[in-house]
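Structural characterization, general
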Amino acid sequence: MKVTVFNGSPRGRKSNSHRIVSPLLEGAKEAGAQTEEVFLIERDIRQCLGCFVCWGKTPGKCALNDDMAELLDLFLESDYAGMATPVYNMYMTGLLKNFTDRFLPLSMPHIKKNDDGSFYHEGRVKRFPRQFFIANSGFPGAHNFDLIKAIISYQDFVLEIYRNCGEALQVTDDDDPRLIKKIREFSDALKKAGREMATNGRVSEETVRDVHLEIISDEEYMAGGNKYWDELIDD
Ligand SMILES: Cc1cc2nc3c(=O)[nH]c(=O)nc-3n(C[C@H](O)[C@H](O)[C@H](O)COP(=O)(O)O)c2cc1C
């Protein structure tokens, strides 16, 4: 059993995304899975050229020679593959979007029609990993993920995590003990989600609910964030 997460934050190992991914993978590891987090910012991933060489001249093989072939192998050999991203301009980072554009070699060129009138490309390989998605936003509130949710609703994900107030995850020992406690509870819920995914192949409704519990009120978060910027700008 292998669980892999592709982290699309430009902040890499210092990201809030990593603070979400880390306990989730810890839980999966406790349940016996082999785990890996790939920091896309550390890898050589060029932009898709749109040349369609991977569909025509060399089926399944991209014309570009960078880290992507290795990462697609890693994706395909995983049982569960997750994508993690901060919300950037209501959507995912360019880094993660660029990475997912490079999945083109894994699909076939022919256009197929679904019963509902939509169209798709069939997968080139027989077995794809089951997938999950993690997003965190800098804003408080409930609407930061509307666009992401609309776009990924076409796919069948084992787990979707939408963490608002993402910057609160940078909590330190000097912070409000109530916030420290909430973040610890969030982290515990993530661990449980990872354990359940690796053990049962699904995450219970109760755990999904716990992962989405409020960690800080919108007003407190806004006040803390605005104070941080006021002090920084004044210096
Ligand atoms: C270019 C840019 C665009 C952003 N756009 C949004 C946005 O549309 N909505 C939002 O809630 N936060 C936005 N943010 C804030 C990030 O989502 C937030 O800082 C997040 O916690 C960073 O997570 P990370 O540490 O995993 O990268 C943006 C940040 C940057 C740098």
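Attention in this report is confined to the structure presented alongside it. (Residues numbered from 1 in each chain as written. Predicted model: local features only at pLDDT ≥ 70, side-chain atom pairs only at ≥ 80, totals over all residues. Heavy atoms only, no water.)

Okay, the side chain of S107 next. In this fold, S107 is placed in the loop between α3 (94–101) and β4 (112–113). Residue contacts for S107: discarding those within four places in its chain leaves W55, H121, E122, G123 and R124. (Helix = DSSP H or I, 4+ residues; strand = E, 2+ residues; numbered from the N terminus. Contact = heavy atoms within 4.5 Å.)

Ranked by internal contacts, the top residues of the largest apolar core, which has 31 residues, are V3, L24, F132, I134, I161 and M197. Examining the composition of this core, we find that eight residues originate from one element, helix α5 (residues 177–200), more than from any other. With residues near it in sequence (within four places) discarded, I161 still touches I20, L24, F133, I134, A135, L190, V211 and H212. (Core = buried A, V, L, I, M, F, W, Y, C linked by side-chain atoms within 4.5 Å. Buried < 20%, exposed > 50% of the residue type's maximum accessible area, 1.4 Å probe, protein only.)

Our focus in this paragraph is the site of the ligand. In the neighbourhood of the ligand, 17 residues make up the surrounding shell, with S9, N16, S17, N136 and E167 lying closest. Protein chains shield 77% of the accessible area of the ligand, which is 660 Å² for the free molecule. Residues of the shell around the ligand, tallied by class, amount to five nonpolar, 10 polar and two charged. (Near = heavy atom within 4 Å. Areas by Shrake-Rupley, 256 points an atom, 1.4 Å probe, with all protein chains shown as cover. Nonpolar A, V, L, I, M, F, W, Y, C, P; charged D, E, K, R; others polar.)

Now for the side chain of N164. Within the fold, N164 resides in the loop between β7 (157–163) and α5. A distance of 3.2 Å separates polar atoms of two side chains, one belonging to N164 and the other to R163. The residues touching N164, leaving out its near neighbours within four places in the chain, are S137, F139, P140, G141, N144, F145 and I215. (Polar contact = N/O pair within 3.5 Å; in protein donor to acceptor, adjacent residues only side chain to side chain.)

To continue, consider helix α2 (residues 68–77). Taken together, the buried positions of α2 are occupied by M68, L71, L72, L74, F75 and L76. In this structure, the buried side of α2 is in contact with β1 (2–7), β2 (34–39), β3 (80–86), α3 and β6 (130–136).

Right, let's get into the pattern of salt bridges. On inspection of all chains with the given rule, the structure shows 18 salt bridges. Salt-bridge contacts for E42 lead to R13; the nearest nitrogen and oxygen are separated by 2.7 Å. With E42 in the loop between β2 and α2 and R13 in the loop between β1 and α1 (16–30), the pair connects residues that are 29 residues apart, well separated along the chain. For R13, a relative accessible area of 54% puts it in the exposed group. The partner of R209 in a salt bridge is D210, with the nearest N and O atoms 3.0 Å apart. Under the relative-accessibility criterion, R209 is labelled exposed at 51%. Look at the salt bridges and you will find they share partners, linking K2, E36 and E77 into a network. (Salt bridge = Lys/Arg side-chain N within 4 Å of Asp/Glu carboxyl O.)

Attention now moves to the sheet that holds β2. One open sheet accounts for five strands, arranged β2-β1-β3-β6-β7; its pairing is parallel. Because the sheet does not close on itself, it has two edges, and the strands there are β2 and β7. Taking each pair of neighbouring strands and ignoring which way they run, the sheet shows an average axis angle of 15°. With five bridges connecting them, β1 and β3 associate as parallel partners. Bridged to F6 within β3 is M83. Strands in contact with α1 are β1, β2, β3, β6 and β7; relative to β2, the strand with the most contacts, it is inclined by about 165°. (Pairing = 2+ DSSP bridges. Axes fitted to C-alpha atoms, helices over the stretch in contact; angles between N-to-C directions.)

Take the packing of aromatic side chains next. In this structure the tally under the stated criterion is eight aromatic pairs. Their ring planes at 80° and their centres at 5.1 Å tell us that Y228 and W229 sit as a pair that is edge-to-face. Residue classification places W229 among the partly exposed positions, given a relative accessible area of 48%. Among the aromatic residues, those joined into a cluster by ring pairs are F6, F75, F99 and F103. Positioned above the aromatic ring of Y162 is the side chain of K149, whose terminal nitrogen or guanidinium carbon lies 4.8 Å from the ring centre. Across from the ring centre of F186, 4.9 Å away, lies the NZ or CZ of R163, which sits over that ring. (Phe/Tyr/Trp six-rings, centres within 6.5 Å; stacked < 30°, edge-to-face > 60°. Lys NZ or Arg CZ within 6 Å of the ring centre and 35° of its normal.)

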